[in-house]
Amino acid sequence: RAVELESWARDAGTLVPLGLSGVLFGFAVGRSRVPDLLAHLWAALLGIGLTLLVTAYQADELGVSLGARVRYLLDLLRHWTRESIAGRAIDEDLVLISALGLLAWLIGYTSAWFLFRRGWYLPAVVLPGVLIVINVTNGEASSSTAALLYVVMALALIAVQVSRLRTASWQRAGLAFSTIAW
């Protein structure tokens, strides 16, 4: 949402749904017994597909069907790739939105996967935090509120995870403890 507030490109409204769907997919795969490599392959393919669909769906100003918008976006991405390899720049919002959408998906998925598969709360908090810090340092004051909200939520997540880890270690050690903190 912080990236969306800064208006880096038009139609940045795709970032929140893509990021949230990445988190939900990461949660589902993180809680399942799907092997890691297969989970990551599914996440990459699903993220690319959803990013193309959502970005194309949002580009209704093109005035053509969704299928034609997807083909246009794929052609635009191929053209951008060729021009980038040749060292020429292309100023196209749809390419930026697609890249940011895929980034939002991957960060959401990876953070949720780290948290729910491995229990690694620091990478789960740091990945989206880096994106927000980059956005805040390069943007206007409007994203500062989103960054502050993120910090509060991240600290709450860390507190819950640390409390769960301590509770589990105290139970294994057979120590008596109060559950009032929960």
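It should be noted that the structure appears before, not after, this text.
Heads up: these notes are all about the structure in this document. The structure displayed is predicted, hence computed values, not measured ones.

Quick notes on the rules
- Residues numbered from 1 in each chain as written.
- Predicted model: local features only at pLDDT ≥ 70, side-chain atom pairs only at ≥ 80, totals over all residues.
- Heavy atoms only, no water.
- Helix = DSSP H or I, 4+ residues; strand = E, 2+ residues; numbered from the N terminus.
- Buried < 20%, exposed > 50% of the residue type's maximum accessible area, 1.4 Å probe, protein only.
- Contact = heavy atoms within 4.5 Å.
- Areas by Shrake-Rupley, 256 points an atom, 1.4 Å probe, with all protein chains shown as cover.
- Core = buried A, V, L, I, M, F, W, Y, C linked by side-chain atoms within 4.5 Å.
- Phe/Tyr/Trp six-rings, centres within 6.5 Å; stacked < 30°, edge-to-face > 60°.
- Salt bridge = Lys/Arg side-chain N within 4 Å of Asp/Glu carboxyl O.

Here we look at the overall build of the protein
For the protein, the helix and strand inventory stands at seven helices and zero strands. Along its sequence from the N terminus, the protein presents helices and strands in the succession α-α-α-α-α-α-α. Here the protein holds 182 residues, and 32% of them are scored as buried. When contacts within the protein are restricted to residue pairs at least 6 apart in sequence, those whose partners lie at least 24 apart make up 62%. When the accessible area of the protein is evaluated, it comes to approximately 11,100 Å², of which 68% is carbon and sulfur surface.

Digging into the nonpolar core
Phe25, Val29, Val34, Ala39, Ala43, Trp105, Tyr109, Trp113, Phe114, Leu115, Tyr121 and Ala124 together form the largest nonpolar core, which totals 12 residues. Within the residue set of this core, elements represented by two or more residues are α2 (15-31), α3 (36-58), α5 (93-118) and α6 (121-138). Looking at which element gives the most residues to this core, the answer is α5, with five residues. The contact partners of Trp113, leaving out residues within four places of it in the chain, are Gly26, Val29, Gly30, Asp36, His40 and Arg118. Counting residues in hydrophobic clusters, the runner-up holds six residues, among them Leu52, Leu73, Leu94 and Val95.

Regarding the side chain of Gln161
The residue Gln161 is located in helix α7 (residues 142-173) in this model. Using a relative accessible area of 12% as the deciding quantity, one classes Gln161 as buried. Excluding its chain neighbours within four sequence positions, the residues that come into contact with Gln161 are Leu115, Gly119 and Tyr121.

A short note on the side chain of Thr14
Structurally, Thr14 is set in the loop between α1 (2-5) and α2. Contact partners of Thr14, with chain neighbours within four places excluded, come to Val54, Thr55, Gln58 and Ile97.

Things to note about the packing of aromatic side chains
By the definition in use, this model includes five aromatic pairs. Between the aromatic rings of Phe25 and Tyr109, the centroid separation amounts to 5.9 Å while the plane-to-plane angle is 40 degrees, which identifies the pairing as tilted. Linking Phe25 in helix α2 with Tyr109 in helix α5, this pair joins segments that are 84 residues apart in sequence. Both residues of the pair, Phe25 and Tyr109, belong to the buried class. Linked through ring pairs, Phe25, Trp105 and Tyr109 together constitute an aromatic cluster.

Here's the deal with the pattern of salt bridges
One pass over the structure, following the stated rule, counts four salt bridges. Residue Asp36 is joined to Arg117 by a salt bridge in which the shortest nitrogen-to-oxygen separation is 2.4 Å. Of this pair, Asp36 sits in helix α3 while Arg117 sits in helix α5; the two residues are 81 residues apart in sequence, bridging distant segments of the chain. Judged by relative accessible area, which is 25%, Asp36 ranks as partly exposed. For Arg118, the salt bridge is made with Asp36, and the minimal N-O distance between the two is 2.3 Å.

Quick look at the environment of Tyr109
Residue Tyr109 is classed as buried on the basis of its relative accessible area, which comes to 4%. Setting aside its immediate chain neighbours within four residues, Tyr109 contacts Gly22, Val23, Phe25, Gly26, Val29, Ala39, His40 and Ala43.

So, the environment of Ile158
Residue placement: Ile158 occurs in helix α7. Look at Ile158 and you get partly exposed, because its relative accessible area is 22%. Along the chain, Ile158 and Val125 lie 33 residues apart, while their C-alpha atoms are 8.2 Å from each other. Residues contacting Ile158, with those up to four places away along its chain left out, are Tyr121, Leu122 and Val125.

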